[in-house]
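Spelled out, the chains give:
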Amino acid sequence: MRALGDPAAAAAPHVSVILPVHNAEPWLDECLRSVLQQDFQGSMELSVFNDASQDRSAAVIERWKGRLEDAGIPVVIGGHDAPAPRGVGYSKNQAIAQSSGSYLCFLDSDDVMMPQRVRLQLEAAAQHPTSIIGCRVRREPPNSTERYTRWINQLTPDQLLTQVFTSHGPTVIMPTWFCSRAWFFHVGPFDEGGQGVPEDLLFFYDHLRKGGGVVRVDQSLLLYRYLPDAATHSVLETTIWTHRVRFLEERVLPRWAAFTIWNAGRQGRRLYRSLTAEARRKVGRQPRPPHPRPAAPSPWPPPPRLPSEAGVLCAPQVVAFCDVDENKIRKGFYCHEDSQVCGPRAPGRTASSHMGCPHHPSSDPGYVEQPLPRAFLLGEDHQAQQQWPHCWGSPNPEWPVSLPSLGALSACRSSMAGRPVGPAWTPAHKTSCSQERPKPRVPILHFRAARPPFVICVKLDLTGGAFEDNLRSLHLREGQDFLHFS
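Right, let's walk through the structure included here. (Residues numbered from 1 in each chain as written. Predicted model: local features only at pLDDT ≥ 70, side-chain atom pairs only at ≥ 80, totals over all residues. Heavy atoms only, no water.)

In terms of regular secondary structure, the protein chain is built from 19 helices and 16 strands. In the form shown here, the protein chain has an accessible surface area of approximately 22500 Å², with 52% of it arising from carbon and sulfur atoms. (Helix = DSSP H or I, 4+ residues; strand = E, 2+ residues; numbered from the N terminus. Areas by Shrake-Rupley, 256 points an atom, 1.4 Å probe, with all protein chains shown as cover.)

So this is what it looks like as C-alpha cells:
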C-alpha cells in the first residue's frame, strides 16, 4: 500500500479497467477501441490478464498497448501460457492485483463500452461507495435473450435488491460492474474454482451479505454481446439453483414464520423439494400479521383455523401451493414423494407400512371403519374433535389458513378424508413407528384464496401480462408480501 503524499501514489490512476482475456481475438479490436474512446478526463489505466489464449489475442493486446499509452492510458499486461485456462474468477483477480486504480471498471473482452461509461459510473460510485454500480445495456444481436435484456434494463431501484433470487442472477450484470477498490477487497476476491463456478453470482451474494447496495445508471453504457459458447454457459443450471435456494433460505425465510409457494407446477414443486426440512415446514403456515393491514380492504377472507400437527392422522404440518390452473386446484394437493407413510393408509395405497404393527387400530377386535364426517373436516364438530383427538389435536392459534371451500379444505385434510378411524393409537405404537412419518400432502389453492407472503415461481413476461395483472390485483408489496424466485 502506497503512503498518502507519496509521488507514486499521487500518480496512481483513478480508475482501472479490468479486462480478463481468453481466446478473444475476434472482438478485442472493438473492445479496446472503446477503452480508448472514453470521454473521462481523469487518470485511467487498462489492466489485462491473458488466461492461456491459444489465438492471437496477445498480439492484438500488444498492438493496442502503444496506441492506448500514447493517449495517456497506461496498460498493464499479465497472463500465463499453461495448457489450460485457470478461469474467469482467477483472471479477474489477477488483473485486479496488478492494477492500482482507486476504482475498478469491469469489462468483458467481447463487449464494447459507450464513451461516457467510466465518467458516469464513477460519478455514481463516488456517491455510493459501498455499492456495485451497473448500467443498462444494448444486446447484440438485438433479438437474443429479449426477456432477459428487458429484465436487466427495466428493474426499478427497489427491485435491484428484491429480485436477486431469480434465475437471471445478479440484478446488474457482471460486465457492467463498477465499484471502489476498497469495497471490492472488503467483499472479494472472486471464487477461483474455474469452469462451472458462477463466480459473479457468488461475489454478488457476498456483497449483499456485507450490506452492499446495488445502483444502476439508467443509460445504455455497454454493448453486451451474446455468444453461445461463452464461459457463463458452462455453469450448470442445477449449480445456480442450489446457490439461489440456499440464499433464499438464508436471507428471507428466517424473517417469515410461514409462506406460500405460488405455482403448483414443476418449478414450484421443485423449490419445495429443494428446501430444507425446516423451511418446508413453513410453507403455508399462516400466522396473523403482527400489525393490522392498511385501511384498504383485504382481498383475503378471515381464515378458519386448522389443527396442530399433534395427531398421527394429521400431516406433519400445514403446507400450501397456490395457482390459477383449475386442473391443479381440482386435484387438491401435491404429495411429496420423499416421505414414508405412517398412520391409516392414503387412498389407493397399500397399508404395508403400518398394518403389521400390533398397535395399529386395525389390530383391535372392536375396530370399525368409518369415514370422517363433513363437519369434522370443516372443524365445526367439536364433539368429533374430542372423540378423535389423535386426528385433530389442539388448535394452534398461530397457524390460521385461508381456505375458501370444503373442496380446498378437503384437499388440505385429504390425509383424513374417508379413512378408517378407530381408537387413538397408543404411545407404544407411536414409539415403534417413530421412524415413519406421514407423507406431506400439500394443498393447492386458488391464488385469491391463499395468503401472503408468497415465493413466486412463475416466470415473468411470458403470459401476455395475465400473471402480472393477477399479482397487481392483490395490492401486495414486493419484498415484504412476495418475492420472485423464477
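It is possible for side chains bearing opposite charge to pair when their charged atoms get close. As enumerated under the stated definition, the model contains 16 salt bridges in all. For Glu 237, the salt bridge is made with Arg 270, and the minimal N-O distance between the two is 2.9 Å. Within this pair, whereas Glu 237 is found in helix α10 (residues 237-251), its partner Arg 270 is found in helix α11 (residues 266-274), the two being separated by 33 residues in sequence. By relative accessible area, Glu 237 is classed as partly exposed at 44%. For the salt bridge of Arg 472 with Asp 469, the shortest nitrogen-to-oxygen distance reads 2.4 Å. Taken together, the residues span about one helical turn, with Arg 472 and Asp 469 both in helix α19 (residues 466-473) at a distance of three residues. The class of Arg 472 is exposed, set by a relative accessible area of 54%. (Salt bridge = Lys/Arg side-chain N within 4 Å of Asp/Glu carboxyl O. Buried < 20%, exposed > 50% of the residue type's maximum accessible area, 1.4 Å probe, protein only.)

Running from N to C, helix α9 (residues 199-209) and α10 point in directions that differ by 5°, and their axes come no closer than 11 Å. Classed by the angle they form, the pair α9 and α10 counts as roughly parallel. Counted together, Leu 201, Leu 202, Tyr 205, Leu 208 and Arg 209 of α9 and Ile 240, His 243, Arg 244, Phe 247, Glu 250 and Arg 251 of α10 form the full contact between these two elements. Across the contact of α9 with α10, the residue classes break down as six nonpolar, one polar and four charged. (Axes fitted to C-alpha atoms, helices over the stretch in contact; angles between N-to-C directions. Parallel < 35°, antiparallel > 145°, perpendicular 65-115°, else oblique. Contact = heavy atoms within 4.5 Å. Nonpolar A, V, L, I, M, F, W, Y, C, P; charged D, E, K, R; others polar.)

Where strand β2 (residues 44-51) lies against strand β3 (residues 75-80), six bridges are found, and the strand directions are parallel. Residue Ser 47 lies in a different strand from β3, and its bridge partner there is Val 76. The parallel pair β2 and β3, bridged by helix α3 (residues 57-70), forms a crossover whose chirality is right-handed. (Pairing = 2+ DSSP bridges. Right-handed = clockwise from strand over helix to strand, strands pointing away.)

Among the seven residues that make up strand β1 (residues 15-21), seven are buried, leaving the element largely enclosed by the rest of the structure. Covered by surrounding structure in β1 are Val 15, Val 17, Leu 19 and Val 21 together with Ser 16, Ile 18 and Pro 20, the residues of both alternating faces. In this sheet, strand β4 (residues 103-106) lies alongside β1 in parallel orientation, the contact comprising four bridges. When the bridges of β4 are listed, Ser 16 appears paired with Leu 104.

Now for α3. When the terminal C-alpha atoms of α3 are compared, their 20 Å separation across 14 residues agrees well with the 20 Å that a helix rising 1.5 Å per residue should span. Of all the bends in α3, the largest measures some 25° and sits at Trp 64. All of the buried residues in α3 are Ser 57, Val 60, Ile 61, Trp 64 and Leu 68. Those residues of α3 that are buried lie in contact with β1, α2 (25-36), β2 and β3. (Expected span 1.5 Å × (residues − 1). Bend = angle between axes of the 7 residues up to and from the residue.)

According to the stated counting rule, one finds 21 aromatic pairs in the structure shown. A centroid spacing of 5.5 Å and a plane angle of 85° characterise the contact between Trp 262 and Phe 467, whose relative ring orientation is edge-to-face. Of the two residues, Trp 262 is situated in strand β9 (residues 260-262) and Phe 467 in helix α19; the sequence distance between them amounts to 205 residues. Among the residues examined, Trp 262 registers a relative accessible area of 3% and is labelled buried. Joined through ring pairs, the aromatic side chains of Phe 106, Trp 177, Phe 184, Phe 185, Phe 190, Phe 203 and Phe 204 make up one cluster. Over the face of the ring belonging to Phe 190 we find Lys 92, whose NZ or CZ atom lies 4.5 Å from the ring centre. (Phe/Tyr/Trp six-rings, centres within 6.5 Å; stacked < 30°, edge-to-face > 60°. Lys NZ or Arg CZ within 6 Å of the ring centre and 35° of its normal.)

Glancing now at the environment of Asp 191. Checked against the element boundaries, Asp 191 lands in the loop between α8 (181-187) and α9. Sequence spacing of Asp 191 and Leu 202 is 11 residues, and the spatial spacing of their C-alpha atoms is 7.4 Å. Beyond its immediate sequence surroundings of up to four residues, Asp 191 is in contact with Gly 89, Tyr 90, Val 197, Glu 199 and Leu 202. In this structure the side chain of Asp 191 is engaged in a polar contact, spanning 2.6 Å, whose partner is the backbone nitrogen of Gly 193. (Polar contact = N/O pair within 3.5 Å; in protein donor to acceptor, adjacent residues only side chain to side chain.)

A word on the environment of Gly 101. Topologically, Gly 101 is positioned in the loop between α4 (88-97) and β4. Accessibility expressed as a relative area gives 0% for Gly 101, which makes it buried. As a C-alpha pair, Gly 101 and Glu 45 span 56 residues in sequence and 7.4 Å in three-dimensional space. Leave out the neighbours within four places in its chain, and Gly 101 touches Pro 13, His 14, Val 15, Ser 16, Glu 45 and Arg 181.

Moving on, we get to the nonpolar core. Counting residues in hydrophobic clusters, the biggest one holds 90 residues, and the most contacted among them are Phe 106 and Leu 271. Residue contacts for Phe 106: discarding those within four places in its chain leaves Ile 18, Lys 92, Ile 96, Arg 117, Met 174, Pro 175, Trp 177, Cys 179, Phe 184 and Phe 190. Among the nonpolar cores identified, the runner-up in size contains 15 residues, and Trp 262, Phe 447, Phe 454 and Val 458 belong to it. (Core = buried A, V, L, I, M, F, W, Y, C linked by side-chain atoms within 4.5 Å.)

Before going further, it helps to spend a moment on the sheet that holds strand β11 (residues 321-323). Two orientations exist for strands paired in a sheet by backbone hydrogen bonds: parallel and antiparallel. The six strands are arranged β12-β14-β11-β9-β15-β16 in an open sheet whose pairing can be described as mixed. Whereas interior strands pair on both sides, the edge strands pair on one side only; in this sheet they are β12 (333-335) and β16 (482-484). Between one strand axis and the next, the sheet turns by 25° as a mean value, whatever way the strands run. With three bridges connecting them, β9 and strand β15 (residues 454-456) associate as parallel partners. When the sheet's bridge partners are listed, Trp 262 is paired in β15 with Ile 456. Strand contacts of α19: β9, β15 and β16, with the helix running at about 160° to β16, the strand carrying the most contacts.

Time to look at α2. Its 12 residues place the ends of α2 17 Å apart at the C-alpha level, agreeing with the 16 Å of an ideal helix rising 1.5 Å per residue. Of the surrounding elements, those touching the buried residues of α2 are β1, β2, α3 and β5 (112-113).

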